[in-house]
Amino acid sequence: MNVHADLTPDHKVIAEKRGALVEFGGVTKTYGPVTALRPTSLRIEAGEFFAIIGPSGSGKSTLLGITAGFIVPSAGMIRIDGADIVAVPPYSRNFGMVFQNYALFPHMTVAENIGFPLRMRGVAKAEKAERVARALAMVRLEGLGDRRPSELSGGQQQRVALARAAVYDPLLLLMDEPLGALDKNLREEMQEEIKKFQKALGVTVIYVTHDQQEAAAMADRLAIMRNGRLEQIGSPRELYERPQNVFVAGFLGEASILPVTKTSPLAGGFAVAELAGGGNVEAVASTGVGEALCIRPECIVVGPDAEQTDNVFAAQVEEAVYANGSVRYRLRLDGSGHVVNARFSTRPDLVLMQPGQRTKVGWARRDGLLIEGRPET
Amino acid sequence: MTDPRLWRILSYGILAFAVLVLIYLVLPTLVIVPLSFSSETFLSFPPPGFSLQWYDAFAQSLDYRIAILNSVKIGLPAALFATVFGTLAALALVRGHLPGRRLLSALMIAPLILPQIVLAIGLFPIMVKLGIIGSYAGILLGHTVLAMPLVFITVAAALKSYAPTYELAAMTLGANRWNTFRFVTLPMIKPGVIVGFIFAFAFSFDELILAIFLTNPATRTVPRLLWEHLNYQMTPVIAAATVVLLVITLSMLAIAAVYARTGARKPSGAAS
Ligand SMILES: Nc1ncnc2c1ncn2[C@@H]1O[C@H](COP(=O)(O)OP(=O)(O)OP(=O)(O)O)[C@@H](O)[C@H]1O
Ligand SMILES: [Mg+2]
């Protein structure tokens, strides 16, 4: 919290590197027959903002709980800056954690809540008051120290939770859907604030969320989780543009995922694939032999321009949805009957197509990815 | 059936019935009040005249003074023990991960459901053997066992009213198990603990059957003394003593009700 204020010279070195390096090695959690977390290995760099997204029950909270120390892993190790901490109790780990419902103590005032971790660390009264005041200023809640949590708005409670988790300068901040209870506008505002906050502290953050846009906007890297497994790890752009399998491709954005039956390699990392139901496409053979073709909606060209692309199909518009300067089409390909989604920005003079209208769709071969897994439906 | 008049009549009928039940529940208890102000020397209803002589007699009676002292001497520590053990049991069974928690919870409240006479008959020979029959320790043990479920129920309800996230949060913030209990769990369940303590004390203060079996004339409690007096001297001093007992118990229950109310205020964002 007080990184830049009153640091003595020796502290400056530490202040350069405030975050912890976190390494998971084969961390596993089973509850009887239920596997909540499959063996997971992962390295999170010091000062990194790492997000985890995935459907409900995929094991996100389990991974976070194991890191915080209140879930004991069935196997594996966690190293913080090289030291194994699996045997360290949660209260000695010195991490900050923000819970979805904030878990602010209702019987304490805001200042007492923020002062609680300092009190547990035996910080002297005067220093405690000063650090609490600074923490309140940092989250822009000056003057609200004497309120009860129940007298604050959702966004204010969120800020208190953040201040409380950061007031003792933890090396690692864990957040389990910290913005899940807020409405959309407030959520976006808080995303920016948390990001600024993290940059100022230099702290390593592991951030769990349901919201893929939130994860992409905030994280340096993110992991997509399913059934207790990390499906893919990478920067938001990598995951979006180079998904390795159907699940990842379908989870981020609204990709068109088409089943393919046969692929044969071409030169330059490309391949020819036969769509189930007929038709050939050329695409990037990204992960070797794939059973599905993934195309991002903004890569699909609709209308006469489609004739110039590598893969051209006749199609019929099924649905056209306009929202804030962009339009989204659902198109059904003739012959194979597959559905593709296209999206592009509109200008005021552009005439939109109507459902039922016939048109051409196409995409460049570098924009089609052959990926692993079988598409649903 | 959809006739609103019919519904109105029906709802008045239900209200009247509820009032009758309440009167039936409370009135016999309150009959004792006019009796205690009787000018007559034996219990008769309705009392022929008004006098405070029986309250005076009650206040003068050494027997009653000793019995009240005994009741307090037994009730306070019994309530205290019941509160400590009942709270610990509730913590273990609500927050812990013991196998067979349901069965253990059922066992915890068994003393409340089983006839007290069964427990009394069971305890009697054991206490004789241990040589603590008639002593404070004996009745204290008995009352602690019987009062524990009351605390267990109120504290378990308090623990179930909020998600354990608060305790997890406290731990990540640096509170060890004891500090987590002291600064987070205990303040959160405080109304339940206090109400449990009051229930436990009120229970011990009113309890007769174990007192008959396990106390002797030196350690006898107010209910036992009343019972003995009923057997051979039917003077309104019994009524006066009963009214005093009633007032004490009712005021404790009133305090408990007030605490239960303040505890019912839900903490913000309780369960997830
Ligand atoms: N105490 C437990 N006993 C048994 N199974 C559990 C327990 N805790 C979690 N699980 C199971 O482990 C799996 C992962 O749970 P976890 O809470 O990590 O999911 P999550 O990804 O955080 O989901 P959500 O997005 O809904 O919070 C789930 O299938 C869940 O049912
Ligand atoms: Mg979760």
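About the thresholds
- Note that residues are indexed from 1 along each chain, following the sequence as it is written.
- Each chain is given a letter, starting from A, and each ligand a number, starting from 1, according to the order in which they appear as written.
- Reporting of local features is limited, given that this is a predicted model, to residues whose pLDDT is at least 70; pairs of side-chain atoms are given and counted only at 80 or more, and all residues count toward the totals for whole chains, interfaces and linings.
- As a convention, hydrogens and water are excluded, and side-chain values are obtained from all of the structure's heavy atoms.
- The way it works is that DSSP assigns letters per residue, a run of H or I at least four long becomes a helix, a run of E at least two long becomes a strand, and they are numbered from the N terminus.
- Note on geometry: axes are C-alpha line fits, over the in-contact stretch for helices, and angles between N-to-C directions span 0 to 180 degrees.
- Angular relationships are summarised with four words: roughly parallel below 35 degrees, roughly antiparallel beyond 145, roughly perpendicular across 65 to 115, and oblique for the angles in between.
- In this scheme the crossing of two helices becomes right-handed for a clockwise turn of the near helix relative to the far one and left-handed for an anticlockwise turn of less than a right angle.
- Contact definition: two residues touch when any of their heavy atoms are within 4.5 Å.
- By the convention adopted, Pro, Cys, Tyr, Trp, Phe, Met, Ile, Leu, Val and Ala count as nonpolar, Lys, Arg, Asp and Glu as charged, and the other residues, Gly among them, as polar.
- By salt bridge we mean one thing: a side-chain nitrogen of Lys or Arg within 4 Å of a carboxyl oxygen of Asp or Glu.
- Working definition: with a 1.4 Å probe on protein chains only, accessible area under 20% of the residue-type maximum means buried, over 50% means exposed, and in between means partly exposed.
- The definition of a nonpolar core used throughout is a set of buried Ala, Val, Leu, Ile, Met, Phe, Trp, Tyr and Cys residues joined through side-chain atoms within 4.5 Å.
- DSSP bridges decide pairing: two strands pair if at least two such bridges lie between them.
- pLDDT is a per-residue confidence score from the predictor, ranging from 0 to 100.
- Consider each residue's heavy atoms; a residue with any of them within 4 Å of a molecule or strand counts as near.
- Definition of a polar contact: a pair of N or O atoms within 3.5 Å, with one able to donate and the other able to accept a hydrogen when the atoms are protein atoms, and with sequence-neighbouring residues admitted only if both atoms are side-chain atoms.
- Reported accessibility uses the Shrake-Rupley method at a 1.4 Å probe radius. Residues are deemed covered only where the shown protein chains occlude them.
- Note: domain ranges come from an automatic or database domain assignment.
- The term buried area denotes the loss of accessible surface (1.4 Å probe radius) that occurs when two parts are joined, taken as the sum for both partners.
- The span one expects for a helix is its residue count, reduced by one, times 1.5 Å.
- The arc in question is the one spanned by the directions pointing from the helix axis to the C-beta atoms.

**Focus: the overall build of chain A**
1) Next: Along chain A, the regular secondary structure elements total 10 helices and 20 strands.
2) Next: By its C-alpha atoms, chain A is 75 × 50 × 45 Å across when sized along the principal axes.

**With respect to the packing of helix 6 (residues 154-166) of chain A against helix 7 (residues 184-201) of chain A**
Residues and elements named next belong to chain A.
1) Next: Running from N to C, helix 6 and helix 7 cross one another at 15 degrees; their axes reach a closest spacing of 11 Å. As far as their axial angle goes, helix 7 and helix 6 are roughly parallel. The handedness of the crossing between helix 6 and helix 7 is right-handed. Between helix 6, through G155, Q158, R159, L162 and A166, and helix 7, the contact on the second element is made entirely by L186, E189, M190, E193, I194, F197 and L201.
2) Next: In terms of residue class, the contact of helix 6 with helix 7 is built from seven nonpolar, two polar and three charged.

**Observations regarding the pattern of salt bridges**
Two side chains that carry opposite charge are able to pair once their charged atoms sit near each other.
All names here are of chain A.
1) Next: Counted by the stated rule, this structure contains 32 salt bridges over all chains.
2) Next: R328 is paired through a salt bridge with E254; the nearest N and O atoms lie 3.5 Å apart. Here R328, found in strand 17 (residues 326-333), pairs with E254, found in the loop between helix 10 (246-251) and strand 11 (256-265); they are 74 residues apart in sequence, far enough to count as distant.
3) Next: Here E254 falls in the partly exposed class, since its relative accessible area comes to 26%.
4) Next: Notably, a salt bridge pairs E291 with R374, separated by 3.3 Å at the nearest N-O pair. Here E291 is found in the loop between strand 13 (280-284) and strand 14 (292-295), whereas its partner R374 is found in the segment after strand 20 (368-371), with 83 residues between them in sequence.

**Section: the nonpolar core**
1) Next: Within the largest apolar cluster, 140 residues are counted, with the highest numbers of intra-cluster contacts made by F24(A), F105(A), I114(A), F116(A) and I224(A).
2) Next: The element best represented in this core is helix 10 (residues 177-206) of chain B, accounting for 13 residues.
3) Next: One finds A273(A), L293(A), I295(A) and A342(A) within the second-largest nonpolar core, a separate group that totals 24 residues.

**Focus: the pairing of strand 18 (residues 339-345) of chain A**
Residue and element names in this part refer to chain A.
1) Next: Across seven bridges, strand 17 lies against strand 18 in antiparallel orientation. Note that in strand 18 the partner of L331 across the bridge is V340.
2) Next: If you look at the hairpin formed by strand 17 and strand 18, you'll find five residues sitting between the two strands, and G335 has a positive phi there, around 80 degrees.

**Let's talk about the confidence of the model for chain B**
1) Next: For chain B, per-residue confidence averages 88 on the pLDDT scale, and 95% of positions sit at 70 or higher.
2) Next: Looking over chain B, one finds the lowest element-wise mean pLDDT in helix 13 (residues 237-264) of chain B, namely 82, and the highest in helix 9 (residues 165-172) of chain B, namely 95.

**A closer look at the site of ligand 1**
Residues and elements named next belong to chain A.
1) Next: Around ligand 1 sit Y31, A36, P55, S56, G57, S58, G59, K60, S61, T62, E177 and H210, and that is every residue in its neighbourhood.
2) Next: Here an oxygen atom of ligand 1 and a backbone polar atom of G57 are 2.8 Å apart.
3) Next: In the complex, 60% of the free accessible area of ligand 1, which totals 630 Å², lies under the protein chains.
4) Next: In terms of residue count, the dominant contributor to the shell around ligand 1 is helix 2 (residues 60-68) (three residues).
5) Next: Counted by class, the shell around ligand 1 contains three nonpolar, seven polar and two charged residues.

**Some thoughts on the sheet that holds strand 4 (residues 75-80) of chain A**
All names here are of chain A.
1) Next: Strand order in the open sheet formed by four strands is 2-1-4-5, with antiparallel pairing between adjacent strands. Lying at the two open borders of the sheet, with one neighbouring strand each, are strand 2 (34-44) and strand 5 (83-84).
2) Next: Strand direction decides the pairing type here: strand 1 (residues 22-31) and strand 4, joined by five bridges, are antiparallel. Counted as the bridge partner of T28 is A75 from strand 4.
3) Next: Seen against the sheet, helix 2 touches strand 1, strand 2 and strand 4 and runs at an angle of roughly 115 degrees to strand 1.

**A short note on the sheet that holds strand 19 (residues 358-363) of chain A**
1) Next: If you walk across this open sheet you meet the five strands as 15-19-16-17-18 (chain A), and the pairing is antiparallel. Among the strands making up the open sheet, the edge pair consists of strand 15 (301-302) and strand 18 of chain A.

**Here's the deal with the pairing of strand 12 (residues 270-275) of chain A**
Where a strand is regular, its side chains alternate between the two sheet faces.
Residues and elements named next belong to chain A.
1) Next: Relative to strand 12, strand 11 is paired through five bridges, and the arrangement is antiparallel. Within strand 12, the residue paired with V260 across the bridge is L275.
2) Next: Taken together, strand 11 and the strand that follows it, strand 12, pair antiparallel across an intervening segment of four residues, in which G268 is found at a positive phi of about 75 degrees.
3) Next: Where strand 12 and strand 13 come together, five bridges link them in antiparallel fashion. Note that in strand 13 the partner of E274 across the bridge is N280.
4) Next: Here strand 12 folds back onto strand 13, and the loop between the two strands holds four residues, one of which, G277, carries a positive phi near 90 degrees.

**Remarks on the domain arrangement of chain A**
1) Next: Once the domains are mapped, chain A shows domain 1 (9-241) and domain 2 (256-371).
2) Next: Taking the mean C-alpha position of each, domain 1 of chain A and domain 2 of chain A sit 40 Å from one another.

**Let's talk about the interface of chain B and chain A**
1) Next: Contact with chain B, which involves 22 residues of that partner, is made by 25 residues of chain A.
2) Next: Buried area between chain B and chain A, both sides added, is near 2,000 Å², and the carbon and sulfur share of it is 73%.
3) Next: Here chain B is connected to chain A by three residue pairs in polar contact (both at pLDDT 80 or more).
4) Next: Where the side of chain B that touches chain A is concerned, the elements lending two or more residues are helix 9 and helix 10 of chain B.
5) Next: A per-element tally of the side of chain B that touches chain A places helix 9 of chain B first, with seven residues.

**What about helix 5 (residues 125-138) of chain A?**
Residue and element names in this part refer to chain A.
1) Next: For helix 5, built from 14 residues, the straight-helix expectation of 20 Å at 1.5 Å per residue is met to within 8% by its first-to-last C-alpha distance of 20 Å.
2) Next: Among all positions in helix 5, only R131, V132, A135 and L136 are buried. Projection of helix 5 onto a plane perpendicular to its axis shows the buried side chains occupying an angular sector of 140 degrees, all on one side.
3) Next: The elements touched by buried residues of helix 5 are helix 4 (110-120) and helix 6.
4) Next: Backbone geometry just after helix 5 places R140 at a positive phi near 55 degrees.

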